[in-house]
Amino acid sequence: MNEFLERKVRLTWGEQKPTYDVVIIGGGGHGLSTAYHLATRHGITNVAVLERKYIGGGNSGRNTTVIRSNYGVPESIRFYQRSVELYQRLEEETDRWIMHKQKGILWTVHTEAGLRQERARSFINQANGVNTEFLTPEEITEIAPEIDLNVGGGKYPVLGASYQAAASTARHDRVNWALAEGAMRHGVDVLQRTEVIDLIRDGDRVVGVRTNHGDISAPVVVSAVGGHVTRIMDMAGLRIPIRTHPLQAFVTNHYERKFDPIASSLDLGFYVSQTARGEMLAGAHIDQQPSYSYRSGHHFLSSIAHNIQMFLPFMRDLRILRQWTGICDMSPDYTPIMGRTPVDGLLITTGWGTWGFKAIPAGGEAMAELIATGRTPELIAPFSLDRFRNDRTLADRSSSGTH
Amino acid sequence: MLEVLAVTRVVAAPDSLDRATFPSGSIVLRTAPDDAMVIGGGTVQVDDLHAIVREDAGWSGVWVNRAPSEAYLQASCSWPRPSVRPAFAQGAIAHLPVKLWLTEERTLFVFPTALTADFVERTPQEWSA
Amino acid sequence: MSQMFDFAGTDVAFIDGDSVLTALVRAGIYPAGGGALCCEGDCPHCVATIDGISYVRTCQTAPHENLKVQPHPIDDYPPLPPDRGYGAPPIEYRQCDVVVIGQGESGREASDRATTSGRMVESFDANRGEEVIGIYDGPMVIARTPERIIHVDCEEIVVATGAAELQPACPGNDLVGIVTGRAALRLVAQGVGLGVTVAVGKPPNDLDCEVVEGTLVRFEGVDGRLAAVVTRTESGEERTPCDTAVLNLGIYPRDGLARMGNGLAVSVVGDAGRDATVPPCPSEGVICPCNNVDVDDLQAVWDRGFHEIELVKRATLAGTGTCQGMACMPYLRSFLADRGAALQPPFTARPVARQLTIGEMSAGEYDRPVPRTPLHGEHLALGATMDRIGGWWRPWTYGELGAEYEAVRERVSIGDVSTLGKMIVSGPDAESFLEYIYPTNISTIESGRSRYVLMLNERGYVFDDGLVSREADGTFSLTFTSGGASHAEMWMRDWGSKYDVRMLNQSMSLAAINVTGPLAKELLAKAGVVDPPPYMGHADVQVAGVPCKVFRLSFTGELSFELHHAIDRSVELWRSLLDLGGEFGIYPHGLEALQLLRLEKGHILVGIDTDFDSTPRRIQHEWACKIDKPTDFLGRPSVVRTNEIPLDRLLVGFRTERPTVDGALLYSNGEYCGYVTSAGWSPTLGHGISMAWLYHGSDGQLPGDVEIDGTTATRVPMPFYDPEGVKARA
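This one's a predicted model, so the numbers in the text were calculated from it and none came from an experiment.

Asks: I'd love a proper account of the overall build of chain C, names of residues and values included.
Replies: Check the secondary structure of chain C and you find 16 helices and 43 strands. In terms of overall size, chain C is more extended than a compact globule, its C-alpha atoms giving a radius of gyration of 37 Å where 730 residues would be expected to give roughly 27 Å. Considering only C-alpha atoms, chain C reaches an extent of 110 × 60 × 55 Å along its principal axes. The buried share of chain C, taken over its 730 residues, is 59%. Residue pairs in contact within chain C that sit at least 24 positions apart in sequence constitute 64% of those at least 6 positions apart. Accessible surface for chain C amounts to roughly 28000 Å². Of this, 50% is attributable to carbon and sulfur atoms. Across chain C, the mean location of the 62 positive side-chain charges is 5 Å away from that of the 98 negative side-chain charges.

Listed below in structure tokens is the structure:
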């Protein structure tokens, strides 16, 4: 036995029924969180979560597990801060070990323009209740003496960093499972290997879904799909402004747990942290070429390997154990899309790009409230799909992390 | 030896460029159907009224003997070079945009002068000596 | 005299043909504790730290003098290594028709077949120290040899990696003294004594040892060393004492690379392609030696609903360690099949198939190239601080911000603007093409004149700005922002494909020096320019003997001339201007001063003052967007549509009595209402100036005065400085 064996979660699988009050497409973090919050906050339990493969097998189980709220627009800062707070008590609430650990996140800058941008981030964060500070190089060294401030022999000097001390990580699988179990316990049916083939429509409304195991009717259908969301929306005759890009990551072997923060350089295109098991975990920017492919690429690995060893020289001699790929649904303004669609009966939560994991608790909570009350919660009202039509986009590219 | 190249750029309709006459002794790199890079100076005659013909001081180059050039390319160029020489090829070499003119005896590496520092940093010292 | 390497301070002798592992075992050393050694790179039982690099398989490493080997921590993880600088091994790029991975019998046959049919073949074999790291799109193979990283592009890949011998899954399988059949042969061949040896299953032909009856139940040991093998026979358990147990429990295809190449032109031959028949389900014992997962652990998660192989992997961590499932995969699958789930395919195979360090992975990589202007050396000589701005190295300041600013406002200064995007457009459709690209009237630009232009995307949002100038010969000269030039060129070529136009990018071929200040004309006169072009005009003239295209425009707000010239004449021109300007008190200015000067004039910097969704209306540039012009232009439908929507924010100017900084927040009656995009202290005006996004209040009105950094900010029209533009037009 190892200390990370999942010892408590009990998954009780349902059987597909012909009718539900709510059908959620996608058994990733957002779908499961929506079901969890419907069941635990609103007593709505006649709910099915449909998962094409196995739960948490998409980006919810492939991301690099960073939880932070250092965004650039007030609407997003408030939303992600709600998620940070929900994460802080998720272990207590679910009585499950999600390996939540506060680490602090450093976004280092290497140019004057970067410095101004991250200093500006600290202002707007602080004004919205998020204590992001702007650090000097000396302060960075106190937090992470491993970082070479003279990156690349002075080509990319570290001039400062924005730092959110409350940023944390959690084990992605365990978050998914804790939420799934919590929903299941209240009677939610989570159905694996259940693929939505089509949406069933009655006039202008969506009234159910057709799966590989038969039809389900439901007055509310929620797409919490990652990656193939454009295809699901296509079934309802909707075009949504999402492009899906691969994003690659790797881990090294296990080493003594010693590197505390999450360190990132947007300029150099990577972020890195150490997992509870001691693996050094690194992620890259998204691939420019849109694709649904999970195939790993080589160029990303070699280019960030080059940059990482300049930034954290000790990493040169760590051995890479495994690389993998997630796919990111990028919205034009780098902000999620949540809420109603122009088609009655069909709700959506998407546009989770490279920032979906950190939003799982708050995203599910808000979607559940919308479903239960029929009113869009104020917290996610700015993220509605119609903002693109209404010229009310929330441009926040610089906050998406590396891409 | 690194040098700034005497280049004339000719941008013209592709069929006009096909018919164009170039100064004898010049090296003509057809970098695109509508774009020719003429190294060595002289007058280009092209029958496209709208052709853009300009002296272009933005390019540097270095001639390298065939054997060392091939050894270098094997360690810095991920794509196959033409097997028959003389030939023109272009693409990323050591992650820089480089154009190659490959003759039986030598290879000319052509790159934007603005990237000279990067080129020097990632090629053998003796090339820029 | 035999050769030695160092193991934790002890000399270990090695002989020809040894791996580090065989030499260690000969000396009675097991670097990672016990476990069934395979000697073929499949199991995790021989890893050690070699020359500071942990998790190295000693069975795949050739020994040499000076090698430093340290044991793998048994109960903990290895420490993070110290900083040893950075570097990468050499890389070699190859191209061929067929790559054959593995040169056993089936691999050699595959190579021969391909060679015979005239195809170019590259082969790799782990026994020759050539380890394939991964198969990627292309298809492409990355391999590592002791000397270098090799990168092969090919048409087709043949995987001939053979099969691994099954690891035992029973109690006691972590003892010292257990080896697979092939491992036994290798050790014996190197003269390593195995002591009293028994075989479980049929031993290799050349190995002479007793075969124990029955099926394996457990290993028993004393002080971590094997003492006996216990099997079950028809008559019950049988205990056979021994020093070494040689195992033949069956083989399992090494198909990781084949599965990694799924969907690519990859074929599999030999044992690697055999059916992955799973062994009987074990009843107890560790199945994942990397992460110490035993059958009870599998049962525990199975009982709680974890039935998918991926979920079991994630819940137990089986298969996520050093050997990436080589040891445990057969047992994971047999366990799940035994418990009633269908026999599930193995979980996804991902690179890297053989581990390599981050340093090794960086082979063939370089720093991102950053272009330099021809004046780079001049700036350094003048003591400039260089910064990467808009993708170029540019002078941020020469160390005297005040002097730089003052020279522009009061005398004359020069600045390096070589990084501007520059393009010539010609052709029968040149004018109509540019009319479509730009939201400004192009046809009314007269020969010899220039006009400021925005660039809009289809959504009607501003993504670049610059200048369009018509030449006497009917061609157009365009400029783009420094940082936006590459994108703008792609944009032009993309949309231009529908038009009969010719385009020449001159961004890196032409340098540009901005001569600016009230005495600019005097300086040019000294440089031989007697009749400079009028405001927003341009002309081809010689400046100090250097042929230039001189554009008269103004970003700084003063009388300005932008001298575009061939980059090989730039140093000469720069020095001449500094020299000739001496009597006028000339001093160059860097980007920091330029940003302040243009802020005083209210000129936007696209990407700093604008955002992804900046319409011309939001940035108060409707004057540069002629929605009524006779021809259609890119973004027009969007601009027309969004102009109907109530405005939510505006880019405006503020005056403050204390300095503010970029990013400072705006408050109106305590409510957040925007932020500063550019801020500065105007020495000329004697107060702070800011450009800022100001949001409309809930009443739909723009706040008037606001607070920035606790100080009152008064909204004032821009430009802050010389609003009538008298100076620029002087």
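Following the structure, the description resumes.
Asks: For the interface of chain C and chain A, give the residues involved together with the corresponding values.
Replies: Contacts between chain C and chain A engage 88 residues on the former and 84 residues on the latter. Buried area between chain C and chain A, summed over both chains or domains, comes out near 7800 Å², and the portion from carbon and sulfur atoms is 51%. Of all residues in chain C, C:Leu80, C:Arg304 and C:Ile358 give up the largest surface area on contact with chain A, accounting jointly for 11% of the area buried on that side. Scanning the region where chain C abuts chain A turns up ten salt bridges. The salt bridge involving A:Arg295 is made with C:Asp137; its shortest N-O contact spans 3.5 Å. Connecting chain C to chain A are 46 residue pairs in polar contact (both at pLDDT 80 or more). Within the side of chain C that touches chain A, the residues separate by chemical class into 39 nonpolar, 24 polar and 25 charged. In this structure, strand 18 (residues 319–330) of chain A lies alongside strand 25 (residues 356–357) of chain C, joined through two bridges in antiparallel fashion. The partner of A:Arg319 across the bridge, within strand 25 of chain C, is C:Thr357.

Asks: Pulling in residues and values, what's your account of helix 3 (residues 181–189) of chain C?
Replies: For an α-helix, 3.6 residues make a turn, and residues three or four places apart therefore share a direction. Residues and elements named next belong to chain C. All of the buried residues in helix 3 are Gly181, Ala183, Ala184 and Leu187. Projected onto a plane normal to the axis of helix 3, the buried residues spread over an arc of 160° and lie on a single side. Residues of helix 3 that are buried sit in contact with helix 1 (20–26), strand 13 (163–165), strand 14 (178–180) and strand 20 (244–247). Immediately downstream of helix 3, the backbone of Gly191 shows phi near 75°, a positive value.

Asks: Please set out the interface of chain B and chain C residue by residue, giving values where relevant.
Replies: Contacts between the two partners involve 31 residues from chain B and, on the opposite side, 31 residues from chain C. Here chain B meets chain C over a buried area of about 2500 Å², counting both sides, of which 58% is carbon and sulfur. Scanning the region where chain B abuts chain C turns up one salt bridge. For the pair chain B and chain C, the number of links is nine residue pairs in polar contact (both at pLDDT 80 or more).

Asks: Describe in detail unusual backbone geometry, supporting the description with residues and values.
Replies: Residues and elements named next belong to chain C. That bond from Pro351 to Val352 is cis: its omega, 10°, falls within 30 degrees of zero. Relative to the assigned elements, Val352 resides in the loop between helix 7 (329–338) and strand 25. Residues Met718 and Pro719 are joined by a peptide bond in cis, for which omega reads 0°. If you trace the backbone, Pro719 turns up in the segment after strand 43 (711–716).

Asks: So what about the pairing of strand 34 (residues 510–516) of chain C? Which residues, and what values?
Replies: Residues and elements named next belong to chain C. Burial runs high along strand 34: seven of the seven residues are buried. Of the two faces of strand 34, both are covered, the one formed by Leu510, Ala512, Asn514 and Thr516 as well as the one formed by Ala511, Ile513 and Val515. In the sheet, strand 28 (residues 413–416) pairs with strand 34 via four bridges, with the strands oriented antiparallel. Among the inter-strand pairings, Gly415 is bridged to a residue of strand 34, identified as Asn514.

Asks: Now, about the side chain of A:Ser400: what can you tell me, with residues and values included?
Replies: All names here are of chain A. Along the polypeptide, Ser400 turns up in the segment after helix 9 (360–373). Ser400 gets classed as buried once you look at its relative accessible area, which sits at 2%. At 3.0 Å, the side chain of Ser400 forms a polar contact with the backbone oxygen of Arg397. If sequence neighbours within four positions are ignored, Ser400 has contacts with Arg68, Tyr334, Thr354 and Trp355.

Asks: Before we move on, can you summarise the side chain of A:Thr275 with the specific residues and values?
Replies: Residue and element names in this part refer to chain A. With respect to the secondary-structure elements, Thr275 resides in the loop between strand 16 (270–274) and strand 17 (279–286). Taking the relative accessible area as the measure of exposure, Thr275 reaches 17% and is therefore buried. For Thr275, the residues in contact, after removing those within four places along its chain, are Lys103, Arg257 and Leu281.

Asks: Hey, could you go over the domain arrangement of chain C for me, with residue numbers and the actual values?
Replies: Domain parsing of chain C yields domain 1 (3–70), domain 2 (167–249), domain 3 (376–598) and domain 4 (609–716). If you average the C-alpha positions of domain 1 of chain C and of domain 4 of chain C, the two centres end up 67 Å apart.

Thresholds applied
- Residues numbered from 1 in each chain as written.
- Chains lettered and ligands numbered in written order.
- Predicted model: local features only at pLDDT ≥ 70, side-chain atom pairs only at ≥ 80, totals over all residues.
- Heavy atoms only, no water.
- Helix = DSSP H or I, 4+ residues; strand = E, 2+ residues; numbered from the N terminus.
- Rg over C-alpha atoms; globule rule 2.2 N^0.38 Å.
- Buried < 20%, exposed > 50% of the residue type's maximum accessible area, 1.4 Å probe, protein only.
- Contact = heavy atoms within 4.5 Å.
- Areas by Shrake-Rupley, 256 points an atom, 1.4 Å probe, with all protein chains shown as cover.
- Lys, Arg positive; Asp, Glu negative; His and termini not counted.
- Charge placed at Lys NZ, Arg CZ, Asp CG, Glu CD.
- Buried area = accessible area lost by both parts, 1.4 Å probe.
- Salt bridge = Lys/Arg side-chain N within 4 Å of Asp/Glu carboxyl O.
- Polar contact = N/O pair within 3.5 Å; in protein donor to acceptor, adjacent residues only side chain to side chain.
- Nonpolar A, V, L, I, M, F, W, Y, C, P; charged D, E, K, R; others polar.
- Pairing = 2+ DSSP bridges.
- Arc of directions from axis to C-beta.
- Domains from an automatic or database assignment.

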